[in-house]
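Below, each chain spelled out in residue letters.
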Amino acid sequence: MSKPERAWDPGNPDRLYIVTKGCDDAKQDTTKLDLVTLIVARTETDPGLQPEHGTIVHMCDYPLSVAEISAYLTLPVSTVTVLLTDLLTRGHVEARPPVPVAALPDVGLLEAVMHGLQNL
């Protein structure tokens, strides 16, 4: 499997500056997004959105983490965070906390079920 081509040149940050319209996430007042925050689209892709925004809205039909979105777009997490904050402000996407560990099933129970099925 080949490595995806990077959509931006790390030696030339001009495109990232243009994509984020010169904003950085330190200036934003909204909730901080971390790598495991799940993002879900609330609206359909709007033709008036810039391409990166439209791509995020389109790909988030099902929950994706900020890290996954960054990887799919091959953009730095800091840039994706700025784009997501903009989409959150406009109401195009919704941020959900990750599934808490306590809500996940017990690993021991899953192993017991697996062994029981293997013995059948």
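Scroll up a little and you will see the structure.
Residues numbered from 1 in each chain as written. Predicted model: local features only at pLDDT ≥ 70, side-chain atom pairs only at ≥ 80, totals over all residues. Heavy atoms only, no water.

With that out of the way, let us pick up the sheet that holds strand 1 (residues 38-41). The strand order across the open sheet formed by three strands is 2-1-3, and the pairing between neighbours is antiparallel. Edge positions in the sheet fall to strand 2 (64-65) and strand 3 (93-96), since each of these pairs with one other strand and no more. Two strands pair when backbone bridges link them, and strand 1 and strand 2 are joined in this way by two bridges, in the antiparallel orientation. By the bridge assignment, Ile-39 is partnered in strand 2 with Leu-64. (Pairing = 2+ DSSP bridges. Helix = DSSP H or I, 4+ residues; strand = E, 2+ residues; numbered from the N terminus.)

Right, let's get into a nonpolar patch on the surface. A surface patch of nonpolar side chains, about 460 Å² in accessible area, is lined by Leu-109, Val-113, Leu-117 and Leu-120. By secondary structure assignment, the location of Leu-120 is in the segment after helix 5 (107-119). Given a relative accessible area of 83%, Leu-120 falls into the exposed group. (Patch = residues over 30% accessible without salt bridge, like charges linked within 9 Å, V, L, I, M, F, W, Y side chains within 5 Å. Areas by Shrake-Rupley, 256 points an atom, 1.4 Å probe, with all protein chains shown as cover. Salt bridge = Lys/Arg side-chain N within 4 Å of Asp/Glu carboxyl O. Buried < 20%, exposed > 50% of the residue type's maximum accessible area, 1.4 Å probe, protein only.)

For a regular strand, the rule is simple: side chains alternate between the two faces of the sheet. Note that strand 1 and strand 3 share four bridges and pair antiparallel. Its bridge partner lying in strand 3, Ala-41 is registered against Val-93.

Following both chains from N to C, one finds helix 3 (residues 66-73) and helix 4 (residues 77-90) inclined at 110 degrees, their axes separated by 9 Å at the closest point. Taken together, the axis directions place helix 3 and helix 4 in an arrangement best described as roughly perpendicular. The hand of the helix 3/helix 4 crossing is right-handed. For the pair formed by helix 3 and helix 4, the contact residues are Val-66, Ile-69, Ser-70 and Leu-73 on the first element and Val-77, Val-80, Thr-81 and Leu-84 on the second. Split into classes, the residues belonging to the contact of helix 3 with helix 4 amount to six nonpolar, two polar and no charged. (Axes fitted to C-alpha atoms, helices over the stretch in contact; angles between N-to-C directions. Parallel < 35°, antiparallel > 145°, perpendicular 65-115°, else oblique. Left-handed = near helix turned anticlockwise from the far one by under 90°. Contact = heavy atoms within 4.5 Å. Nonpolar A, V, L, I, M, F, W, Y, C, P; charged D, E, K, R; others polar.)

A few words now on the pattern of salt bridges. On inspection of all chains with the given rule, the structure shows three salt bridges. Arg-42 is paired through a salt bridge with Glu-94; the nearest N and O atoms lie 4.0 Å apart. Within this pair, whereas Arg-42 is found in the loop between strand 1 and helix 2 (51-59), its partner Glu-94 is found in strand 3, the two being separated by 52 residues in sequence. Using a relative accessible area of 56% as the deciding quantity, one classes Arg-42 as exposed. According to the relative accessible area criterion, Glu-94 is partly exposed, its value standing at 31%. With a shortest N-O distance of 3.5 Å, Glu-94 and Arg-96 are connected by a salt bridge. Taking the relative accessible area as the measure of exposure, Arg-96 reaches 36% and is therefore partly exposed. Counted as one network, the salt bridges with shared partners bring together Arg-42, Glu-94 and Arg-96.

Quick look at the environment of Arg-42 now. As a C-alpha pair, Arg-42 and Val-57 span 15 residues in sequence and 8.1 Å in three-dimensional space. Among residues more than four places away in sequence, those in contact with Arg-42 are Gly-91, His-92, Val-93 and Glu-94.

Here we come to the side chain of Thr-81. Mapped onto the secondary structure, Thr-81 falls in helix 4. Thr-81 gets classed as buried once you look at its relative accessible area, which sits at 8%. A distance of 2.7 Å separates a polar side-chain atom of Thr-81 from the backbone oxygen of Val-77. (Polar contact = N/O pair within 3.5 Å; in protein donor to acceptor, adjacent residues only side chain to side chain.)

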